[in-house]
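Chain residues, written in single-letter form:
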Amino acid sequence: MSKKVLVVDDSATMRKIITRGLNVAGLTDVVEAGDGCEALAAFQQHAFDLVVTDWNMPNKSGLDLTREIRALGSSVPVFMVTTEGERGRVLEAITAGITDYLVKPFSADALRDKLDKYATV
Amino acid sequence: MRAELINPFVSATSEVFKLMLSTSLTRGPLSLTTDQPPAHEVSGMIGISGSVRGMVMISVDRTTALNAAEKLLGARPAELNADVLDAVGELTNMIVGSAKAKLEAWNLSIGLPTVLCGEMHCVKFPPGASPIVIPFDGDLGRVCVKVGLIEATAA
């Protein structure tokens, strides 16, 4: 059975890119959310094996989403894909509970390398 | 406006197009502009605040927008629809976000992208911003980056 993945980004374009990358990695059971609020609602309804989230989104940021996922007691891997590349921001994300990080823009190879880890774990 | 503020947007634009769209861009000569309508039909804009404030606008024509969207989405949209505008917005987000990271010492914050579509749309930059136009050309078409920033003055 394919692992279940939650993809969160306010950009439909980025959700498509991430989902396509997940599909190539063999992760085909994907649920999409357009912001942190929608994502949290989905997270509470399904058992996800991986969350891939943007940082800056309306209504609820990816960082706040991550904090709330951790506050629920979940240790699900949360992989952040964001333009926030400054070292301080990365540390902030790790402190919030992010387990992996990819800075936009990224090559197809870089995305594949990251996602392949979750397909095999 | 200092070159150290402009250069990150030049390199960020080239990097985004190279990594996300697998296309190289050639930069043309920079110029100053008044708030004239942009030469292209689709513009993505993001506001910037912090040690400098202002706005950055990425403008492309219809064909370039469709070409870029096709590369990102994996299929060519039939028209300038919501998918294409979203794609331009995300490219704008990545260019400005990447430049912001290069300007880490300036402690900048950026907003969410807004996208305008329509010929002869006119956008007014903040007073005193004096936008600089950075034209690019590449296989997908022309890209026009307009950067209008004001440095914060001491109180």
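These lines cover the structure that appears in this document, whether it is placed above or below. Quantities reported herein were computed from a predicted structural model and do not represent experimental measurements. (Residues numbered from 1 in each chain as written. Chains lettered and ligands numbered in written order. Predicted model: local features only at pLDDT ≥ 70, side-chain atom pairs only at ≥ 80, totals over all residues. Heavy atoms only, no water.)

1. Here we look at the overall build of chain B
Secondary structure assignment for chain B yields three helices and eight strands. The secondary structure elements of chain B, listed N-terminal to C-terminal, are α-β-β-β-β-α-α-β-β-β-β. Contacts spanning at least 24 positions in sequence make up 70% of the contacts within chain B whose residues lie at least 6 apart. Carbon and sulfur atoms provide 52% of the accessible area of chain B, an area that totals close to 6,900 Å². Side chains of chain B give 12 positive and 15 negative charges; the mean places of these two sets differ by 6 Å. (Helix = DSSP H or I, 4+ residues; strand = E, 2+ residues; numbered from the N terminus. Contact = heavy atoms within 4.5 Å. Areas by Shrake-Rupley, 256 points an atom, 1.4 Å probe, with all protein chains shown as cover. Lys, Arg positive; Asp, Glu negative; His and termini not counted. Charge placed at Lys NZ, Arg CZ, Asp CG, Glu CD.)

2. Description of the sheet that holds strand 4 (residues 78-82) of chain A
Residues and elements named next belong to chain A. Strand order in the open sheet made by the five strands is 2-1-3-4-5, with parallel pairing throughout. Of all the strands in the sheet, the pair left with one neighbour each is strand 2 (29-33) and strand 5 (100-103). Strand-to-strand twist in this sheet, taken as the mean axis angle between neighbours without regard to direction, amounts to 15°. Sheet topology places strand 1 (residues 4-8) next to strand 3 (residues 50-53); four bridges connect them, and they run parallel. By the bridge assignment, Val 5 is partnered in strand 3 with Leu 50. The strands that helix 5 (residues 108-120) touches are strand 3, strand 4 and strand 5; relative to strand 5, the one it contacts most, it runs at about 165°. (Pairing = 2+ DSSP bridges. Axes fitted to C-alpha atoms, helices over the stretch in contact; angles between N-to-C directions.)

3. Brief notes about the interface of chain B and chain A
Buried accessible area, meaning the area lost when the parts come together, often serves as the stated size of an interface. Of the residues lining the interface, 20 residues belong to chain B; the matching set on chain A comes to 21 residues. Where chain B abuts chain A, roughly 1,700 Å² becomes buried across the two surfaces, and 57% of that area is made up of carbon and sulfur atoms. Joining chain B to chain A, the criterion identifies four salt bridges. Lys 16 of chain A is paired through a salt bridge with Asp 83 of chain B; the nearest N and O atoms lie 3.8 Å apart. With ten residues, helix 3 (residues 82-102) of chain B is the largest single contributor of residues to the side of chain B that touches chain A. Of the residues assigned to the side of chain B that touches chain A, the class counts are nine nonpolar, four polar and seven charged. (Buried area = accessible area lost by both parts, 1.4 Å probe. Salt bridge = Lys/Arg side-chain N within 4 Å of Asp/Glu carboxyl O. Nonpolar A, V, L, I, M, F, W, Y, C, P; charged D, E, K, R; others polar.)

4. Focus on empty space enclosed by the protein
Applying the stated criterion across every chain, the model contains two cavities of 30 Å³ or more. Taken as a whole, the largest cavity spans an internal volume of roughly 60 Å³. When residues in the lining of the largest cavity are grouped by element, the largest group, three residues, is from helix 3 of chain B. Reported here for the second largest cavity is a volume of approximately 40 Å³. Val 7, Val 8, Asp 9, Met 14, Ile 18, Val 52, Thr 53, Asp 54 and Val 81 of chain A are the residues that line the second largest cavity. When residues of the lining of the second largest cavity are traced back to their parent elements, those giving at least two are strand 1, helix 1 (12-24) and strand 3 of chain A. Residues that form the lining of the second largest cavity fall into these classes: six nonpolar, one polar and two charged. (1 Å grid on protein atoms, 1.4 Å probe; cavity = no way out; pocket = protein on both sides within 12 Å on 5 of 7 lines; lining within 4 Å. Points joined across faces, edges and corners; volume = space filled by probe spheres on them.)

5. A look at the packing of aromatic side chains
Residue and element names in this part refer to chain A. Under the definition given, this model contains two aromatic pairs over all chains. Ring centres of Phe 43 and Phe 48 lie 6.3 Å apart, and the angle between their planes is 15°; this geometry places the pair in the stacked category. No difference in accessibility class separates Phe 43 from Phe 48, as the two residues are buried. (Phe/Tyr/Trp six-rings, centres within 6.5 Å; stacked < 30°, edge-to-face > 60°. Buried < 20%, exposed > 50% of the residue type's maximum accessible area, 1.4 Å probe, protein only.)

6. Considerations on the pattern of salt bridges
This structure, assessed with the given rule, holds 21 salt bridges over all chains. Of the charged contacts, one joins Arg 15 of chain A and Glu 32 of chain A as a salt bridge, the two residues approaching to 2.9 Å between their closest N and O atoms. Of the two residues, Arg 15 of chain A sits in helix 1 while Glu 32 of chain A sits in strand 2, which places them 17 residues apart along the sequence. Note that Glu 15 of chain B and Lys 102 of chain B form a salt bridge whose closest N and O atoms lie 2.9 Å from each other. Of the two residues, Glu 15 of chain B is situated in helix 1 (residues 3-21) and Lys 102 of chain B in helix 3; the sequence distance between them amounts to 87 residues. Assessed through its relative accessible area of 31%, Glu 15 of chain B is described here as partly exposed. Under the relative-accessibility criterion, Lys 102 of chain B is labelled partly exposed at 37%. One continuous salt-bridge network, built from bridges that share partners, spans Glu 84, Glu 86, Arg 89 and Glu 92 of chain A together with Lys 100 of chain B.

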